[in-house]
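# Results of the structural survey
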Amino acid sequence: MRPYRILYHVTALLVAFLFLAPIAIVVLASFRTPAESGQPPLPPWPIEGASIDSYVRLDGFGASLLQHTGNSLYVALGTTILTVLVSVLAGYGFSRFRFPLKPMIFVLILATIMVPFQSILTPLFLLLASLGLQNTLTGLVLIYTTLQLPFSVFMMRNAFDAVPKEIEEAARIDGVRDLRMLVYVMGPLVLPGIVTVGLFAFLNAWNEFLAALVLLTDQSKYTLPVLMTSVRSGRFGSVDWGAVQAGVTVMMIPCLILFLILQRHYIRGLTAGAVK
Amino acid sequence: MIGLLYVAPALALVAVFFAIPLGMTIWMSLHDWPLMGQKRWVGFANYERMWGDSGFWGALSFTGTYTVAVTIGLLGLGMILALMVERPGRATAFYRTAYFLPVVIGFASASLLWAWLSNVDSGLFSPLMQNLGLTERRVNINADYGLAFWSVNVMVVWKMVGFFMVILMSGLQSIPRDYLEAARIDGAGALQRFRFITMPLVRRPFALALILCVSGSMLAFDQFYIILNGGPQNSTITAVYWIFNESFVSFRLGYGAALSVVLLGILLVLSAIQLRLLRDREDGS
């Protein structure tokens, strides 16, 4: 190897270390004993033997760790399922049918990406109340799904556009129609698009903070990020950093695993917008 | 017409959870609208009051400062990383994944993690600097405006630079190899090739990255709320944070809506200017 290649790899590895270190440090530190967990992470790993005490103390905040993880999962999975359903239907409709005002409706759905949801949060708060959905996880699912639609509908429309018309025609001759066509013939062909759309919906809903903070007022409904703010602000003036480390780990791990398994689909979703 | 049925659920969601709230924001901004009690039509009084609201303008100018700083960091470093990992290969694939990994963890998780790492007693940064002999005593990063500001900037660059790296990388990869090869044969140096071939050809992904970066940073909230709580001395309150306080802490919903309308207007103008600037240059070349 020429010297500059070696220099390149040394630099690149060093940078990789800097990027991965905070993640590794917090995961390792979360398994320290109560006595260690308030100390600086030097070194980050447990010295006096590993302990799950930080997780046990985290469980003492709010309702229970299981309940809040369940809330987060409900919101993330609900958003994933609803987003996939709605955007597959819409993508198919925009790709394969002609109807009045079609270009206008398509642009309307895409244009919502220009308006950040932060600026419509106040009326959303009142709107959910008038629909009887205030302080419910279902209300959050509906809002998160709406936020995902511009990206998801665009992705699914392109996925359906990429399927040759001949396949549908052949199936139609065999007597396959409408929803059966969509589910059995087109479904498998646009599966990569569905995975991308679902992955983004899950991660965004799992990680969303501001809307959940504003719209959930009942502590038993808190998703993990909202629960963690009360852990972070501490009790009686002192913060249990061990519980913070445990909470960060619980919130991070599903995202990291999903990404590492479905990396290809994630990157494709990102670059779809850049290339178009 | 059957196509309309397929599109209907999406359209209904956008109408109820986007179009109506957007209209309501404007409507509410013309009212004195407390959480409880009577709302009252006040015309443009909320907007007039805004002129004298130094807190909001302070928050807006802080958000602007933060946006400039973090955008330079994200796009500059994003471009360097993109150049580093653009080629195919097993080693570069590993580097790419490593640099990108923080992107997928949420802003709230990353902020909580940073709140701990930058804590003076139990965190990493201050004790580490002291142990290495860089500082005499433990420095409380979050108690000093300058240090706190840079600490949050470093966190956001750590968490988001991979995102911009991938967008810029997709632009770099779409440049035909022959162009760079031809320029090299003609005697252009590495810097010249970057300036006169790479830069003009990645303008479109760069424009996208710039717009996403600026509008995302102008809406910053999680990191300043979770890590700094707006401190020290309320010096790191962003525009969204200020609106959040007005609307959901003081419950002045009408006034909060008026601030939202102004912020939305600023964002749309900023996006339009960036698109215009980057397009004009394209026509000129």
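Note that the structure is a prediction, hence the values are computed from the model and not measured.

### Describing the overall build of chain A
Secondary structure assignment for chain A yields 13 helices and zero strands. Start at the N end of chain A and walk to the C end: the helices and strands fall as α-α-α-α-α-α-α-α-α-α-α-α-α. Here chain A holds 276 residues, and the buried ones make up 45% of them. Of the contacts made within chain A by residues no fewer than 6 positions apart, 76% connect residues no fewer than 24 positions apart.

### Considering the overall build of chain B
For chain B, the helix and strand inventory stands at 13 helices and two strands. By principal-axis analysis of the C-alpha atoms, chain B measures approximately 75 × 70 × 40 Å. Expressed as a percentage of the 285 residues in chain B, the buried residues total 42%. When contacts within chain B are restricted to residue pairs at least 6 apart in sequence, those whose partners lie at least 24 apart make up 67%.

### Concerning the UniProt feature "transmembrane region" (unreviewed entry) in chain A
Residues and elements named next belong to chain A. Residues given the UniProt feature "transmembrane region" (unreviewed entry) here are residues 7-31, 73-94, 106-129, 141-160, 181-206 and 241-262. Secondary structure content for residues 7-31 is 92% helix and 0% strand, and the end C-alpha separation is 36 Å. Within the segment residues 241-262, helix and strand shares are 100% and 0% respectively, and the terminal C-alpha atoms sit 32 Å apart.

### Description of the environment of B:G58
Residues and elements named next belong to chain B. Among the structural elements, G58 can be located in helix α3 (residues 54-85). Residue G58 is classed as partly exposed on the basis of its C-beta count, with 15 C-beta atoms lying within 10 Å. Between the C-alpha atoms of G58 and L4, which are 54 residues apart in sequence, the distance is 47 Å.

### Structural notes on the UniProt feature "domain: ABC transmembrane type-1" (unreviewed entry) in chain B
In the numbering adopted here, UniProt assigns the feature "domain: ABC transmembrane type-1" (unreviewed entry) to residues 60-274 of chain B. Segment residues 60-274 of chain B splits into 76% helix and 0% strand. End C-alpha atoms: 19 Å apart.

### Some remarks on the interface of chain B and chain A
Contacts between chain B and chain A engage 67 residues on the former and 72 residues on the latter. Broken down by element, the residue count for the side of chain B that touches chain A peaks at 18 residues, all from helix α1 (residues 2-28) of chain B. Of the residues that constitute the side of chain B that touches chain A, the class distribution is 52 nonpolar, 14 polar and one charged.

### Some thoughts on the domain arrangement of chain A
Residue and element names in this part refer to chain A. For chain A, the domain assignment lists domain 1 (1-51) and domain 2 (65-275). Relative to domain 2, the C-alpha centre of domain 1 lies at a distance of 32 Å. Across the contact, nine residues belong to domain 1 and seven residues belong to domain 2. For the side of domain 1 that touches domain 2, the element with the highest residue contribution is helix α1 (residues 3-29), accounting for four residues.

### Considering unusual backbone geometry
Cis geometry is adopted by the peptide bond preceding A:P43, which originates at A:L42 and carries an omega value of -5°. You can see A:P43 is positioned in the loop between α2 (34-37) and α3 (53-59). The backbone of B:N234 shows a phi angle near 55°, a positive value even though the residue is not glycine. Among the structural elements, B:N234 can be located in the loop between α11 (222-228) and α12 (239-248). Despite not being glycine, B:F251 shows a phi value in the positive range, around 55°. The residue B:F251 is located in the loop between α12 and α13 (253-284) in this model.

About the thresholds
Residues numbered from 1 in each chain as written. Chains lettered and ligands numbered in written order. Predicted model: local features only at pLDDT ≥ 70, side-chain atom pairs only at ≥ 80, totals over all residues. Helix = DSSP H or I, 4+ residues; strand = E, 2+ residues; numbered from the N terminus. Buried ≥ 20, exposed ≤ 12 C-beta atoms within 10 Å, placed from the backbone. Contact = placed C-beta atoms within 7 Å. UniProt positions renumbered as here; feature names shortened; annotations may be inferred. Nonpolar A, V, L, I, M, F, W, Y, C, P; charged D, E, K, R; others polar. Domains from an automatic or database assignment.

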